[in-house]
Amino acid sequence: VLFGTTYRGGISDKGVLFKINTDGSDYSKILDYNKALNGCTPLGSVTISGSEIYGMNYLGGTNGIGTIFKINANGTGFSKLLDFAGTTNGSNPYGTLTLSGSILYGMTAYGGTNNKGTIFRINSDGSGYTKMLDFDGATKGSNPYISSLVLSGSVLYGTTNSGGINNKGTIFKINIDGTGYTKLLDFTGTTN
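Residues numbered from 1 in each chain as written. Predicted model: local features only at pLDDT ≥ 70, side-chain atom pairs only at ≥ 80, totals over all residues. Heavy atoms only, no water.

Let's talk about the sheet that holds strand S12 (residues 150-152)
As a reminder of what qualifies: One bridge is not enough; two strands pair if DSSP finds at least two bridges between them. Runs of H or I in DSSP of at least four residues are treated as helices and runs of E of at least two as strands, each being numbered from the N terminus. Axis definition: a line fit to C-alpha positions, over the contact stretch in the case of helices; interaxial angles, taken between N-to-C directions, run 0 to 180 degrees.
A sheet is described by the order of its strands in space; here 4 strands give the open sequence S12-S13-S14-S15, paired in antiparallel fashion. Only two strands of the sheet have a single partner each, and these edge strands are S12 and strand S15 (182-186). Along the sheet, successive strands turn relative to each other by an average axial angle of 20 degrees, direction set aside. When strand S13 (residues 155-160) meets strand S14 (residues 170-175), the two strands line up antiparallel, connected through 6 bridges. Within S14, the position partnered with Thr159 by the bridge is Ile171.

A word on the packing of aromatic side chains
Basically, it comes down to this: Aromatic pairs are defined between Phe, Tyr and Trp rings, using the six-membered ring for Trp, whenever the two ring centres lie within 6.5 Å; interplanar angles under 30 degrees are classed as stacked, those over 60 as edge-to-face, and all others as tilted. Residue exposure (1.4 Å probe, protein chains only): buried if accessible area is under 20% of the type maximum, exposed if over 50%, otherwise partly exposed.
Evaluation of the coordinates by the stated rule reveals 10 aromatic pairs. A ring pair is formed by Tyr58 and Tyr94, whose centres lie 5.5 Å apart and whose planes are at 75 degrees; its orientation type is edge-to-face. A residue pair is termed long-range when its members are at least 10 positions apart, and Tyr58 in the loop between strand S5 (52-57) and strand S6 (67-72) and Tyr94 in the loop between strand S7 (79-83) and strand S8 (98-100) qualify at 36 residues. Judged by its relative accessible area of 16%, Tyr58 falls in the buried class. Residue class for Tyr94 comes out partly exposed when judged on its relative accessible area of 21%. Pairing Tyr110 with Tyr145 gives two aromatic rings, centres 5.8 Å apart and planes at 65 degrees, and the pair type is edge-to-face. Residue Tyr110 is found in the loop between strand S9 (103-108) and strand S10 (118-123), and its partner Tyr145 is found in the loop between strand S11 (130-134) and S12; the two are separated by 35 residues along the sequence. Taken together through their ring pairs, the aromatic side chains of Tyr58, Tyr94, Tyr110 and Tyr145 make up a single cluster.

Regarding the pattern of salt bridges
Worth spelling out the cut-off: Any Lys or Arg side-chain nitrogen located within 4 Å of an Asp or Glu carboxyl oxygen qualifies as a salt bridge.
On inspection of all chains with the given rule, the structure shows 6 salt bridges. Put simply, Lys29 and Asp32 hold a salt bridge, and the shortest N to O gap is 3.2 Å. Here Glu52 and Lys70 are joined by a salt bridge, their closest N and O atoms 3.8 Å apart. In this pair, Glu52 is assigned in strand S5 and Lys70 in strand S6, connecting sequence segments 18 residues apart.

A word on the pairing of S5
A large share of S5 lies buried, amounting to 5 of its 6 residues. Counting the residues in the hairpin turn of strand S4 (residues 47-49) and S5 gives 2 residues, including Gly50, whose phi is positive at 60 degrees. Pairing analysis gives 6 bridges linking S5 to S6, with the strands arranged antiparallel. Bridge pairing in S6 places Glu52 opposite Asn72.

This is the structure in structure tokens:
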């Protein structure tokens, strides 16, 4: 079974979460996004663990700037885990959550102290939200659009869309406990 999202369509034209068999049969809509209640406009993939699906919405929720949610694969048990709030915890997540054990890691494209995005972690039950990093532009990069974190051992790797010395984006790594941020590369444009 494959699970996915659309960023438009559905009852409210705010996107849907769906499933379909790998042979194309048995398509079913699991959830209609509806902005205020559960978020809307998902711009990333979903993360699956057993019978639970985790995801983020770029818009919607209480503050209109995105949510984190979980739902059972059969469409029951929807739970909004977090409403993004801007400066305090980021806004507008634009990517996919990375799950390790019972902890979800992700990034927001905006919000945080500098409004250039954040790296965060949150327990899969919605508790224990921690902002691990505020992107800042030249030093740490900024605005990680369509970027997801890749986990290797106890280190997360990712990219930013802009920022860095040349304002063309970066590659970075950070430990899962939020320490050890290292910028690995400043993109230059033509060269790399």
